[in-house]
Amino acid sequence: MVIPVLALAMETALGAASDPARDPAQQNPPSSQPSSPQPSILDRLNSMIYGGKSAWSPAQIATMERLRDAALVDPYALNQLRHLTDNIGPRLSGSPQAQQAVNYVASEMRSLGAEVTLEKASVPHWVRGIETAELIAWPGQTTGTTQKVVLTALGGSVSTPREGITADVVVVKNWQQLHALPAGAVTGKILLFNHAFDKQLALQGGGLEAYGGGVVYRGAGPIAAAASGAIAVLVRSVGGADFRLPHTGMTQYSPGVPKIPAAALTAEDAEMISNLASQGPVKLHLVLTPETLPNADSYNVIADWKGTEHPEQIVIVSGHLDSWDLGTGAVDDGAGIAVSMQAVHLMKDLGIHPRRTIRFVAWMSEEQGSEGAAAYMAEHKADFANHVGAIESDLGADHPSGIFYSGKRELGQWLRPVAQTLESIGAATLTSAGATGEDIDGLTKNGVPSFAPIQDSRFYFNYHHTAADTFDKIDPRHLNENAAIMTVLAYALADSPDPAPR
Ligand SMILES: [Zn+2]
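No experiment lies behind these values; they were computed from the predicted model shown. (Residues numbered from 1 in each chain as written. Predicted model: local features only at pLDDT ≥ 70, side-chain atom pairs only at ≥ 80, totals over all residues. Heavy atoms only, no water.)

### Things to note about the overall build of the protein chain
For clarity, the threshold we go by: Secondary structure elements are taken from DSSP: a helix is a run of H or I of four residues or more, a strand is a run of E of two residues or more, and numbering for both begins at the N terminus. In this scheme, a residue with accessible area under 20% of its type's maximum is buried, one over 50% is exposed, and one in between is partly exposed, where area comes from a 1.4 Å probe on protein chains only. Contact definition: two residues touch when any of their heavy atoms are within 4.5 Å. Computed with the Shrake-Rupley method and a 1.4 Å probe, the accessible areas treat only the protein chains shown as cover for residues.
In terms of helices and strands, the protein chain carries 15 helices and 17 strands. Residues classed as buried in the protein chain amount to 58% of the 502 residues present. In the protein chain, once contacts between residues fewer than 6 apart in sequence are set aside, the share between residues at least 24 apart is 83%. Within the structure as shown, the protein chain displays about 18,700 Å² of accessible surface, and the carbon and sulfur contribution to it stands at 54%.

Written out as C-alpha cells, the structure is:
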C-alpha cells in the first residue's frame, strides 16, 4: 500500500507535522448482543450500556458464523494467492503479468457465476533497468578498490546516462538538515536522505505511522534534492528489514523542478555512507537505467454477486491486483485480492445470496498512482448513493485484530453484532479511522461507509516493496482470518435490513 505521497510529503516539506493515515483513538470494546427472543439479564445490561438492537436476525448471525468457519478452513484464498505470486509473478502496472493477472482473476470470477466486467484504465508503464552503485573514493579507502552498495530505483525514476554519474554524496537526516546547509552545498552532488524507519514504533503496532514518517522522503525527496541543485537522490529504504534489502516505491517529480534519478538505498548502506561522509568526502558512481514507456491500457476486474432484493445497491470487497516488481506481491497485495475472491467463492460454495450486490474489485495500478481507482470513481460518480459500503484489504495478511471503519460514529455500534461473530478468532475490535484504503478513499470521501481489516503491522514493512515479498511470508491461518473478516463483513453489509448508517 501507499499513502498519498505527494500531499503528505509536501505538507511535511513545508514544515507541518504529518498526520498518521489512521486515527486509532476510538477503540471500542466488543459487546455481546441480544440474539434470542428472551434476552438474558446480561443481554439487557449490554443493551442498556451500548443501546440499540442488532440489525441482524439470529439466522443472519448464524450465517455469519458459518461463513467465518468456512473461511478458516477453506484453502481457496491460499491457493489463489499461490497462483498469483508463484505462477503469474510480479504484476507491475502495464506489464504482461499484470494483464495475465487481469485475465486470470476475471476467468476465476466468471467460473463462480459472478457477473464480470473489465473496467479500462490508462496506467503508467515504467520498466526497471540496470541499477548498480559503488563507492569509488572515501576516507580510509584501500588503494585500487571500490565498495559496492545495494540500491533499487524508485518507481517512476528517470535514468542516469548509460555510463552513470559520479559525484560526492551529501548526507542529511531530514528536511531541517537540508534547509540548514549553506547555499550551493548540494549543487552537482548526490543527496542522501538518511531518515531511519522507526522500527520500535512498528513493533508497538504503529507500522503505518512508522511508514508515514519515512515515506515523505521517498515521495518528495527528488523534488527537494533537485531544487537544491543535486544531480541524483538516494533515499534510505522505508521499511524495517535488516537483511540489506532495498524497498522500492513510487516517487514524485514536480513541474518546473528538474527530474533527477532517484533510488532507495538499504538502511545498512545509508548508515555506512553516513559514517564515512562524517569523516571526509565520499564519491559514488551510480547507474540507473529505468524507462518510462507510453501509458498502457489496463483494467480493474469487477465481479458482481448479484443481490436478490436490491441488486442496484453495492458492497465492494477489494484489494489491488498490481504489485511492485522486485518480489511477487504476496503481502502487497496479492493477499488482499485472494481474501476478497474468497468472499465471492464462499457465497457460491454455501449458496448464499444476500439482498444487495457484493462487488469484488481487483484494483489496478494502486502502486503507481491509483489510476484504476480514479477510473472507477469517474465511471460510477452518479451511483455513489447506491454504494452502501466498501472494504479494502491492503495492509498484508498477518493476524487481524478487528475492523477499521470510516464514516459516521454510529457505524461502530451498528457493527458490534458482526464484530461479536469474529471474537472467537480475536478479531472483534472496532476502530474508527480517517482512511481505510487507498483505492476506496474516493468512496470514503464521498460518504460511503468504508472498512478494512486491522492487520498486525509489526512485520509488514519488513517485506513491503522488496524482493522478499513472496508467498512464503504468508501464514495460512492468518490469511484465512483475514478472509473471514472480508466475507463476514461483506455479507453483513449486503444483507442487513437497512443499509449501514451514513
Ligand atoms: Zn498495497
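### Structural notes on the nonpolar core
Stated formally: Here, the term nonpolar core denotes a set of buried Ala, Val, Leu, Ile, Met, Phe, Trp, Tyr and Cys residues that are joined through side-chain atoms within 4.5 Å.
One finds Val 105, Met 109, Val 301, Leu 321, Phe 360 and Phe 451 to be the most contacted residues of the largest nonpolar core, which totals 89 residues. Among the elements that make up this core, the one with the highest residue count is helix α15 (residues 476-495) (12 residues). Ignoring sequence-local partners within four residues, the contact set of Val 105 consists of Leu 84, Val 301, Leu 321, Ile 337, Met 341 and Phe 360. Among the nonpolar cores identified, the runner-up in size contains 27 residues, and Leu 151, Met 272, Val 282 and Leu 286 belong to it.

### Structural notes on the side chain of Ser 393
Convention followed: For this analysis, a polar contact is any N or O atom pair within 3.5 Å, provided that within protein one partner can donate a hydrogen and the other can accept it, and provided that sequence-adjacent residues contribute only side-chain to side-chain pairs.
In this fold, Ser 393 is placed in the loop between β14 (387-392) and β15 (400-406). One polar contact links Ser 393 to Gln 455, side chain to side chain, over a distance of 3.0 Å. If we ignore the near neighbours within four places in the chain, the residues touching Ser 393 are Ser 318, Gly 319, Asp 333, Gly 336, Val 339, Pro 453, Gln 455 and Met 486.

### Brief notes about empty space enclosed by the protein
Note the following rule: Put plainly, a pocket is an open set of points on a 1 Å grid over the protein atoms alone with protein on both sides within 12 Å along at least five of seven lines, a cavity is a set where a 1.4 Å probe fits but cannot get out, and a lining residue has an atom within 4 Å of a point. Grid points are joined across faces, edges and corners, and a volume is the space filled by probe spheres set on the points. Asp, Glu, Lys and Arg are counted as charged, while Ala, Val, Leu, Ile, Met, Phe, Trp, Tyr, Cys and Pro are counted as nonpolar; the rest, among them Gly, fall into the polar class.
With the rule as written, the count across this model stands at 3 cavities of 30 Å³ or more. Looking at the largest cavity, its volume works out to about 60 Å³. Surrounding the largest cavity, Ser 323, Trp 324, Leu 326, Gly 327, Thr 328, Gly 329, Asp 332, Glu 367, His 465, Thr 466 and Asp 469 form its lining. For the lining of the largest cavity, a count of residues per class yields 2 nonpolar, 6 polar and 3 charged.

### Notes on helix α3 (residues 58-73)
We apply this condition: In this scheme, a helix's expected span is set at 1.5 Å multiplied by one less than its residue total.
Between the first and last C-alpha of α3 there are 23 Å, a value that for 16 residues agrees with the 22 Å anticipated at 1.5 Å per step. Residues of α3 that are buried in the fold lie against α9 (330-350), α12 (416-421) and α15.

### Focus: the pairing of strand β9 (residues 262-265)
The two faces of a sheet get side chains in turn, since along a regular strand they alternate between them. The criterion, for reference: For two strands to be treated as a pair, DSSP must find at least two bridges joining them.
Of the two faces of β9, the one lined by Ala 262 and Ala 264 and the one lined by Ala 263 and Leu 265 are each fully buried. When strand β5 (residues 151-153) meets β9, the two strands line up antiparallel, connected through 3 bridges. In the strand pairing of β9, Thr 152 is matched with Ala 264. Pairing of strand β8 (residues 232-236) with β9 involves 4 bridges; the strand directions are parallel. Each bridged residue has a counterpart across the sheet, and for Val 233 the counterpart in β9 is Ala 262.

### Considerations on the packing of aromatic side chains
Just so we agree on the cut-off: Aromatic contacts are taken between Phe, Tyr and Trp rings whose centres are within 6.5 Å, Trp giving its six-membered ring; a plane angle under 30 degrees counts as stacked, one over 60 as edge-to-face, and the others as tilted. Cation placement over rings: the criterion is NZ of Lys or CZ of Arg within 6 Å of the ring centroid and within 35° of the ring normal.
Per the stated rule, a full pass over the model turns up 9 aromatic pairs. Ring geometry for Trp 175 and Tyr 217: centres 4.5 Å apart, planes at 25 degrees, overall stacked. Of this pair, Trp 175 sits in helix α6 (residues 175-180) while Tyr 217 sits in helix α7 (residues 199-227); the two residues are 42 residues apart in sequence, bridging distant segments of the chain. The same class applies to Trp 175 as to Tyr 217, namely buried. Between Tyr 460 and Phe 461, the ring centres sit 4.8 Å apart and the planes meet at 80 degrees, which makes this aromatic pair edge-to-face. When its relative accessible area of 3% is taken as the criterion, Tyr 460 is described as buried. If you follow Lys 473 out to its NZ or CZ, it ends over the ring of Tyr 463, 5.3 Å from the centre.

### Observations regarding the sheet that holds β5
Pairing between sheet strands relies on hydrogen bonds along the backbone, with the strands arranged either parallel or antiparallel. Spelled out, the test is: Fitting a line to C-alpha atoms yields each axis, with helices limited to the stretch in contact; the angle taken between N-to-C directions then spans 0 to 180 degrees.
Read from one edge to the other, the open sheet built from 8 strands follows the order β4-β3-β10-β6-β7-β8-β9-β5, with strand pairing classed as mixed. Where the open sheet ends on each side, the last strands, each with one partner, are β4 (147-149) and β5. Adjacent strand axes in the sheet meet at a mean angle of 35 degrees, parallel and antiparallel pairs treated alike. Pairing geometry for strand β3 (residues 131-137) and strand β10 (residues 283-288), over 6 bridges, is antiparallel. Bridge pairing links Ala 137 to Lys 283 in β10. The strands touched by α7 are β7 (190-193), β8 and β9; relative to β8, the strand with the most contacts, the crossing angle is about 155 degrees. On the sheet, helix α8 (residues 267-279) packs against β3, β4, β6 (165-172), β7, β8 and β9 and is oriented at approximately 135 degrees with respect to β4.

### With respect to the environment of Gly 447
Summarising the element assignment, Gly 447 is placed in the loop between α13 (441-445) and β17 (450-455). As for Gly 447 and Val 388, which are separated by 59 residues in sequence, their C-alpha atoms are 9.4 Å apart.

### Describing the pattern of salt bridges
Put simply, the test is: Whenever Lys or Arg places a side-chain nitrogen within 4 Å of a carboxyl oxygen from Asp or Glu, that contact is recorded as a salt bridge.
On inspection of all chains with the given rule, the structure shows 17 salt bridges. For Asp 69, the salt bridge goes to Arg 68, with nearest N and O atoms at 2.9 Å. By relative accessible area, which is 39% here, Asp 69 ends up partly exposed. Using a relative accessible area of 11% as the deciding quantity, one classes Arg 68 as buried.

### Observations regarding the environment of Phe 384
Note that Phe 384 resides in the loop between α10 (371-379) and β14. What makes Phe 384 buried here is its relative accessible area of 7%. Sequence separation between Phe 384 and Gly 442 is 58 residues, and the spatial gap between their C-alpha atoms is 10.0 Å. Sequence-distant contacts of Phe 384, that is, excluding residues within four places in its chain, are made with Met 377, Leu 443, Asn 446, Val 448 and Arg 502.

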